Each structure stands twice: as C-alpha cells, then as structure tokens.
Amino acid sequence: MDIDKLIDYLNVEQIDKYVFVGQSPAKPSRIFGGQVLAQCLNAAGRTVDEDRPAHSLHAYFLRPGNPQKQILFEVDPIRDGGSFTTRRIIAKQDGIPIFNMSASFHKMEEGFEHQMPMPPAPEPETVETDDEYWEKHAERLSNVLRPPNHFPIERRNVHRRDYINPEPMEPHQQFWFRVQKELPDDHRLHQVLLAYISDYGLLGTAMYPHPVSPAQDDVQAASLDHGLWFHRPFRVDDFVLADQDSPSAFGNRGFSRGSFYNRDGVLVASSVQESLARVRPKKA
C-alpha cells in the first residue's frame, strides 16, 4: 500500500453532519489500531472549525476490527467553547462499538513555552530502513513476519530487535519515520498521519525486557488504550523521531510512553499506551 492509498483510507466519507464511514485495506487480517485511531481523529476534526487543530485525544480499543467490513464513526459534539472544542467518537461495525475516543481541539494561542531536550539519536540517514532490514533477513523471517511493504510510512528503527529469538533488552526504543511524499500545508492531515503511526512500537517496547515477541504463536498481544498530545505544529513529510520507553509491566499489562521530535530537536507530540501481552499455555 502506498501513501496515497493510506490517505484515502484515513479520509473517511461524511454521510451525515456527525456520521462518517471508513474502509480498511484487506491486509493485515485485523485492522491496525493506528488506522481506526487516525480515522476517528479525521472524523472529529471535520466537525470542528479549521483554525482549531487537535491538541489531545484519549481512546480505548474495545474489539478487534474486521477489515472486510466498513466502519461507522458517530461523532458527538459535546462542547463548542470559546477556545476549546471537544468531541466524542464511537467507531462501530455491525452496530457494535470496536473503539471509542474523546478528542479536544484548541484555537492557537501565544503563551509560555518550554520543553525537555531531545535524547541522543543517530541521524536518520545512517539508520537502515525496514525494507533494507527485510531484504537481508527475508529467508529467516518470511514464515513469521509479514513484509514491511504493508506499512506505507518509511521507518528506520534504531534499536531493532530479533523478533524470532528475542533476548531481553532495556525497555527503550527509537525509530525515525517520514512520509516519502511532499504533503500540503494541512495541519489536520499531518496530525492524522502521526496519530496513525503513534500506535506502532509502544506495545513492543513493553515487551523488550522479556524473551517474548508478538511474532510468537503463544503470545497474545493487543493495544488496550491510547493517549496522544499534539504540542506544536509539525510535518510528517520530513523525519520525525519516536523515542519510546516502558516504565512498568504488571498483570499482563504493559505501560509505555512516547515522545516525538522533529529533526531540529523540537518536541511536537507525546503519547502513552497500556497494552495487553500474555503467554498462552501450550496445548498438550
């Protein structure tokens, strides 16, 4: 899937003032969580004045989505204030909620400003892409992992893990990403695309200290909830660094955090996620 097809999927169709319909690519067999997250944000944003970009969203993944069926997005316009606008969105298939989200939009203002510095990271051009990694290891990985061309955004993973024979690692990873196409100056489009990729890597980071990976047949893994804050304007058609860590895991739930920096070191967004990761008992 190329980036134009991805944008088409994320650009949900409006069928009523507060009702939208979205489609999914046929693969993978389960809808990628970042897709429905981004589609919900797109639907909500279309009901808000254009001078108000999103500043935060909070979501729960309720059920696996079926890519063979359309998704209905119902937007509840719960508040239109002087500076902030709030929307609540429910995504449904067959009349059953699979995902819900609250999103808040803020009219741009001047005010106090500070940020924590970007952690050390190699320049993106010095890090191999997913495609390059796959080409080197295709024979070993082909029976376990799907090839990276299902993911239309270029990724360069700094702390890459062996998902077939995972060794315990520090719960920290970094990857650079970008859209390999010049995009219009549309803040909503850039936010939707960052929301899409913000679901990538957080679950895996919570598994880094343990000798398991989502590629193993006896591991059940899924995102449970997701929070995302947009701090400053940014573009995803130039490299953005995702810096992720996982401070805690307990009771088969892992907690992860992410910070997003542009290549000038400006903190543009932050994310948090709790995920499920459990090892099923092996059948006799």
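Summarised in this report is the structure supplied together with it. Per chain, residues are indexed from 1 in the order of the written sequence. With the structure being a predicted model, the display of local features is reserved for residues of pLDDT at least 70 and the display and counting of side-chain atom pairs for 80 or more, all residues being used for whole-chain, interface and lining totals. Excluded from the side-chain calculation are hydrogens and water; included are all heavy atoms of the structure.

1. Side note on helix H4 (residues 187–197)
Among the 11 residues of H4, 10 are classified as buried, and the element is accordingly described as predominantly covered. The rule is simple: take the accessible area with a 1.4 Å probe, protein chains only, and divide by the maximum for that residue type; under 20% is buried, over 50% is exposed, in between is partly exposed. The secondary structure listing takes helices from DSSP runs of H or I that are at least 4 residues long and strands from runs of E that are at least 2 residues long, numbered from the N terminus. Residues of H4 that are buried include every one of Arg188, Leu189, His190, Gln191, Val192, Leu193, Leu194, Ala195, Tyr196 and Ile197, and no others.

2. So, the pairing of strand S10 (residues 240–250)
Along any regular strand, the residues point their side chains to alternate faces of the sheet. The rule for pairing is simple: two strands pair if DSSP sees at least two bridges between them. In the sheet, strand S8 (residues 172–178) pairs with S10 via 6 bridges, with the strands oriented antiparallel. Its bridge partner being in S10, tryptophan 176 is matched across the sheet by leucine 241. Sheet analysis places S10 next to strand S11 (residues 253–262), joined by 9 bridges and oriented antiparallel. Counterpart to aspartate 245 in the pairing with S11 is arginine 257. Taking the residues between adjacent antiparallel strands as the criterion, S10 and S11 are bridged by 2 residues, where glycine 251 takes a positive phi near 60°.

3. Points about unusual backbone geometry
A positive phi angle, near 55°, is found at aspartate 94, a position not held by glycine. Within the secondary structure layout, aspartate 94 lies in the loop between strand S5 (84–93) and strand S6 (96–106). A positive phi angle is found at asparagine 252, which is not glycine, with a value near 70°. Here asparagine 252 shows up in the loop between S10 and S11. Under the relative-accessibility criterion, asparagine 252 is labelled partly exposed at 40%.

4. Some remarks on the sheet that holds S8
Taken in spatial order, the 12 strands make up an open sheet running S1-S2-S4-S5-S6-S3-S9-S12-S11-S10-S8-S7, and their pairing is antiparallel. Two strands lie at the open edges of the sheet, namely strand S1 (13–16) and strand S7 (154–157), each paired on one side alone. The mean inter-strand angle of the sheet, taken between neighbouring strand axes irrespective of direction, is 25°. Axes here mean lines fitted to C-alpha atoms, for a helix over just the part in contact, with angles spanning 0 to 180 degrees between N-to-C directions.

5. Topic: the pattern of salt bridges
Salt bridge, as used here: a side-chain nitrogen of Lys or Arg that lies within 4 Å of a carboxyl oxygen of Asp or Glu. Evaluated as defined, the whole model comprises 19 salt bridges. Between glutamate 113 and arginine 232 there is a salt bridge whose closest N-O contact spans 3.8 Å. A residue pair is termed long-range when its members are at least 10 positions apart, and glutamate 113 in the loop between S6 and helix H3 (130–141) and arginine 232 in the loop between strand S9 (219–230) and S10 qualify at 119 residues. Judged by relative accessible area, which is 66%, glutamate 113 ranks as exposed. Shared partners join several salt bridges into a network, and the residues in it are Glu128, Asp130, Lys136, Arg155 and Arg160.

6. A closer look at the nonpolar core
Each nonpolar core is a collection of buried residues, namely Ala, Val, Leu, Ile, Met, Phe, Trp, Tyr and Cys, held together in the definition by side-chain atoms within 4.5 Å. One finds Phe73, Phe99, Met101, Phe177 and Leu193 to be the most contacted residues of the largest nonpolar core, which totals 52 residues. Once residues lying within four places of it in the same chain are set aside, the contact partners of methionine 101 are Leu37, Cys40, Leu41, Leu57, His58, Ala59, Arg87, Arg88 and Ile89. Formed by 5 residues, the second largest nonpolar core is a distinct cluster that contains Leu203, Met207, Val212 and Ala221. Should any heavy atoms of two residues lie within 4.5 Å, those residues are considered in contact.

7. Notes on the packing of aromatic side chains
Pairing of aromatic side chains requires ring centres within 6.5 Å, counting the rings of Phe and Tyr and the six-membered ring of Trp. Pairs whose planes differ by under 30 degrees are stacked, by over 60 edge-to-face, and all others tilted. On inspection of all chains with the given rule, the structure shows 7 aromatic pairs. Here tryptophan 176 and phenylalanine 239 contribute two aromatic rings whose centre-to-centre distance is 6.3 Å and whose plane-to-plane angle is 80°, an arrangement assigned as edge-to-face. Residue tryptophan 176 is located in strand S8, and its partner phenylalanine 239 is located in the loop between S9 and S10; the two are separated by 63 residues in the primary sequence. Taking relative accessible area as the criterion, phenylalanine 239 reaches 2% and is therefore assigned buried. Ring-pair connections join several aromatic residues into one group, and the members of that group are Phe175, Phe177, Tyr200 and Phe260. Lying across the ring of tyrosine 200, arginine 155 places its NZ or CZ 3.9 Å from the centre. Cation placement over rings: the criterion is NZ of Lys or CZ of Arg within 6 Å of the ring centroid and within 35° of the ring normal.

Read these as geometric descriptors, not functional statements.
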